[in-house]
Amino acid sequence: MDILALDDAALEKLLAAAVAAPSIHNSQPWHFRLDPGTSTIQVRALRERALPVTDPDGRALHISVGAAVLNLRVAARRMGWAPLVRLLPDSTEPDLLAAVELDERSRVELASTAELYAAIWRRHTVRTPFTGQPVPAAVLDRLAETALAEEAVLRFPLGAERSRLLQLTAEAEWRNTTDPVRSSESRSWVQGPDAPAYGIPTTALGPRDSAGRMPVRDFSAVHPVESLPPAPFESEPCIAVLATWDDGPVDWLRAGIALEHVLLVATTHQVRASPLHQAMEWPELRRAARASRHGPGHAQILVRLGYGPEGSPTPRLAVSDVLDPEDRGFGRS
């Protein structure tokens, strides 16, 4: 069997896909190391780009890194590997969140791999209103199946349950914007034109809902200079809740893997997505979001789904900025 070369060009493609993943406030809290002897890419937490106030236990950081792991897995499959992903592989290294081994060539090429890989470069958060066109039930079923395959559950609440979750999100949004410490932390991630390639550029901000129904994260409240005029959002939003059976670091990583897989599949169906994470940032509100009668009781994130303009993407760090210096240009052929 032919051996695939994990050379500089391959490593560049793999990590470019990984860093295209979503992360809270586009913080990109990841770092990569290569073990050439075992063809293993280590995915590590970068604590200096954590959000200690909003995310004190690192749950959102783990979800963000999990999303990068999914992209790395998809890219590896697209390039011909059969990647082996191990989560939290070494208990003595708490910042080593995943290891992706690239020792074997794939024996089959999954039909969906090319579509998912292409979606990596098109997927990004959309903070603007959607058209209100319903997402077909067949697409929602496909998204739910995708999450289940990654050991998570995706449900789509309606009626009173949807209203309750939106009310929890609105309560969290009010707390976030009126808490001076939290609003200061959020403000630090809104970036101007000359800022680093992480954080949220002002061009990617969205408006508030003129009707006050949709509690989107209002970055204009913490960055009023860039405030946009309010706009009407969809009156019957499609809200998805991603949940896991347990609620530890490995489950947060799995939630990130499932979330990004769902987002990529949604992208292949031209469905836009906008996270509603605010209630997850307050422990009592996240507990209140639990609905055990619907399956797993640990809500990890809410996502608004729908159709509309692509919006503006957020920047990404270069591969050279996320790879250990000794691994840059390692010259393997």
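Residues numbered from 1 in each chain as written. Predicted model: local features only at pLDDT ≥ 70, side-chain atom pairs only at ≥ 80, totals over all residues. Heavy atoms only, no water.

Draft legend 1. Representation of the overall build of the protein. Of the regular secondary structure elements, the protein holds 10 helices and 10 strands. Against the 2.2 N^0.38 benchmark of 20 Å for 333 residues, the protein shows a C-alpha radius of gyration of 19 Å, consistent with a compact globule. Taking all contacts inside the protein whose residues are at least 6 apart in sequence as the whole, residues at least 24 apart take part in 77%. Element-wise, carbon and sulfur atoms account for 53% of the exposed surface of the protein, whose accessible area totals about 14,400 Å². Each charge sign in the protein was given a centre, from 35 positive and 42 negative side chains, and these centres are 4 Å apart. (Helix = DSSP H or I, 4+ residues; strand = E, 2+ residues; numbered from the N terminus. Rg over C-alpha atoms; globule rule 2.2 N^0.38 Å. Contact = heavy atoms within 4.5 Å. Areas by Shrake-Rupley, 256 points an atom, 1.4 Å probe, with all protein chains shown as cover. Lys, Arg positive; Asp, Glu negative; His and termini not counted. Charge placed at Lys NZ, Arg CZ, Asp CG, Glu CD.)

Draft legend 2. Summary view of the sheet that holds strand β4 (residues 96–101). What the four strands build is an open sheet, ordered β1-β2-β4-β3; its pairing is antiparallel. Strands with a single pairing partner mark the edges of an open sheet, and in this sheet they are β1 (30–35) and β3 (84–87). Averaged over neighbouring strand pairs, the angle between their axes works out to 20° when direction is ignored. Where β1 meets strand β2 (residues 40–45), six bridges bridge the pair, whose relative direction is antiparallel. Paired with Trp-30 across the strands is Ala-45, a residue of β2. Its contacts with the sheet place helix α1 (residues 8–19) against β1 and β2, and it is angled at close to 155° to β1. (Pairing = 2+ DSSP bridges. Axes fitted to C-alpha atoms, helices over the stretch in contact; angles between N-to-C directions.)

Draft legend 3. Quick look at the sheet that holds strand β10 (residues 298–306). The strand order across the open sheet built from four strands is β5-β8-β10-β9, with neighbouring strands paired in antiparallel fashion. The sheet is open, and its two edges are formed by β5 (153–155) and β9 (272–276), each paired on a single side. Neighbour-to-neighbour, the strand axes of the sheet open up by a mean angle of 30°, direction not taken into account. In terms of strand pairing, β9 meets β10 through five bridges, oriented antiparallel. From the neighbouring strand, Ser-274 faces β10, where its bridge partner is Arg-304.

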